[in-house]
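Observations on the model geometry
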Amino acid sequence: MISPANDRTRHRARPRMARSAGFPEPESRLMRRILTAALTAGALLTAAFAPTATAAPRPGASGATPNCVATSLPVALDADGPADQTLWGQLCTPAGKPVPATVQVLVHGATYDHNYWDFPYEPETYSYVREAVGSGFATFAIDRLGSGSSSRPVSSALDLYGAGHTVHQVVQALRGGELGGRAFPKVVTVGHSMGSGAVWSEASTYHDVDGVIITGLTHAYNSQGRGAAIAASAPANLYPEWAGLDDGYLTTIPGTRGDVFYNTALADPQVIAVDEQLKQPHALGDLVSLDLVMTDGSSGGIDVPVLLAMGERDSLFCGADGTDCSTSAALQAAEAPFYGAAPSFTAYVLRQSGHDINLHPHAGAWYGVASGWVWKHVAS
């Protein structure tokens, strides 16, 4: 359990999402309701679905396989609720070396799980975990509630404010030595897409981390990409592996992930194929609450150093009506005003990358930027 003595909380008011038992409607009417809700609320379905030639070896990255141990943590959906859910996570540390003082908590986006951060295909190119551990950090990659090996409560129980509270419980457990047998004095949260929304909420509500890395999320949508993402969505229970889920769990229609999440002119088709095999369900409540998190000032309440990394060709947020991701300087100018309390804000654009910056063949460039940033702003 989490020790109250370790909880340095300064609570912000949490908007409450409506709770329901599900969406007992015919499929066509259900999809119209889902799409209307997403458009009306300004939520981007695949912005949150969370997760560019072969990358050259990176300075600081170790070729050794990290030492990784899976664990589970009892967590509560809300600050006032019981710890009746199970969160799965994997702690990775450098093999044969002392456990580092700094741990990175890795939070995936919607339709992904921890594999986004430690991709099983060609991990020497696509594993963020290998880079981070090889550069001297520990990582703790979670399966967010509703995904992977974690609990799947009724979908209407999930939103990004609750996800932020879940991440907070992980941070406290790592600081208290409850995961991996040692206490980590420094914690950085790293989010992707919808996971970045959870990281925003956690850092601005609880103020218990030392640094924040945001990827795949800005404060403006690309309207055309948003429409494509909506069209790529379907109830997860239409597919045999998730037949028992309620109608509020969604996933992507087979064959759509490439166009939504990748620059297909550069991405490896085999990566996209493996991504399709690994895809997960996610909750509609997370998606609708994304608009609230984007507009409630969450990012402005983060009072530790922030790194924002985006793919130049991220069709969900960049270009058209969205954010200017043409250069790192342009991204810095567009997004810095939203992080007013951060003592430092750094923006980085991975050229030619789509939304899933971890899953393009030159991902190592951004991995190196992230490791260097953590050493400079947190670990040193």
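Residues numbered from 1 in each chain as written. Predicted model: local features only at pLDDT ≥ 70, side-chain atom pairs only at ≥ 80, totals over all residues. Heavy atoms only, no water.

1. A short note on the side chain of His207
- Mapped onto the elements, His207 comes out in the loop between α5 (194-206) and β6 (211-215).
- When its relative accessible area of 13% is taken as the criterion, His207 is described as buried.
- At 2.8 Å, the side chain of His207 forms a polar contact with the backbone oxygen of Ser204. (Helix = DSSP H or I, 4+ residues; strand = E, 2+ residues; numbered from the N terminus. Buried < 20%, exposed > 50% of the residue type's maximum accessible area, 1.4 Å probe, protein only. Polar contact = N/O pair within 3.5 Å; in protein donor to acceptor, adjacent residues only side chain to side chain.)

2. Let's talk about the packing of helix α4 (residues 160-175) against α5
- Contact geometry for α4 and α5: axes closest at 8 Å, N-to-C directions at 65 degrees. Accordingly, the angle class assigned to the pair α4 and α5 is roughly perpendicular. Read as a crossing pair, α4 and α5 show a hand that is right-handed. Facing α4, whose interface residues are Leu160, Tyr161, Ala163, Gly164, His165, Val167, His168 and Val171, α5 presents Met194, Gly197, Ala198, Ser201, Glu202 and Tyr206.
- Considering only residue class, the contact of α4 with α5 consists of eight nonpolar, five polar and one charged. (Axes fitted to C-alpha atoms, helices over the stretch in contact; angles between N-to-C directions. Parallel < 35°, antiparallel > 145°, perpendicular 65-115°, else oblique. Left-handed = near helix turned anticlockwise from the far one by under 90°. Contact = heavy atoms within 4.5 Å. Nonpolar A, V, L, I, M, F, W, Y, C, P; charged D, E, K, R; others polar.)

3. Let's talk about the confidence of the model for the protein
- Taken over all residues, the pLDDT of the protein has a mean of 87, while the share at 70 or more is 83%.
- Contacts from residues 1-60, a stretch scored under 50 in pLDDT, to residues over four places away or in other chains number 171 contacts. (pLDDT = per-residue confidence, 0-100.)

4. Quick look at the pairing of strand β8 (residues 249-252)
- Taking every second residue as pointing to the same face, both faces of β8 are buried, with Tyr249 and Thr251 on one and Leu250 and Thr252 on the other.
- With two bridges joining them, β8 and strand β9 (residues 282-283) adopt antiparallel strand pairing. Considered in β9, the bridge of Leu250 is made with His282. (Pairing = 2+ DSSP bridges.)

5. Some details on the state of the cysteines
- All chains considered together, the criterion is met by two disulfides.
- With a sulfur-sulfur separation of 2.0 Å, Cys68 is cross-linked through a disulfide to Cys92. Given an S-S torsion of about 115 degrees, the disulfide between Cys68 and Cys92 has right-handed geometry. With Cys68 in strand β1 (residues 67-75) and Cys92 in strand β2 (residues 85-93), this residue pair connects regions lying 24 residues apart in the sequence. (Disulfide = S-S within 2.5 Å.)

6. Details of unusual backbone geometry
- Backbone geometry at Thr111 places phi at a positive 70 degrees, although glycine is not the residue there.
- Following the sequence through the fold, Thr111 ends up in the loop between β3 (102-107) and α2 (123-126).
- Although it is not a glycine, Ser193 adopts a positive phi angle of roughly 55 degrees.
- For Ser193, the location among the structural elements is in the loop between β5 (186-192) and α5.

7. A few points about the packing of aromatic side chains
- Taken as a whole, this structure holds 13 aromatic pairs when the rule is applied.
- An angle of 70 degrees between the planes, with centres 6.3 Å apart, marks the rings of Phe119 and Tyr126 as edge-to-face.
- Since its relative accessible area comes to 2%, Phe119 is described here as buried.
- By way of ring pairs, the aromatic residues Tyr112, Tyr116, Trp117, Tyr128, Phe261, Trp366 and Tyr367 are connected into one cluster.
- Taking the ring centre of Tyr112 as reference, the NZ or CZ of Arg257 above it sits at 4.7 Å.
- The ring of Tyr239 has Lys279 sitting right over it, with the charged end atom 5.4 Å from the ring centre. (Phe/Tyr/Trp six-rings, centres within 6.5 Å; stacked < 30°, edge-to-face > 60°. Lys NZ or Arg CZ within 6 Å of the ring centre and 35° of its normal.)

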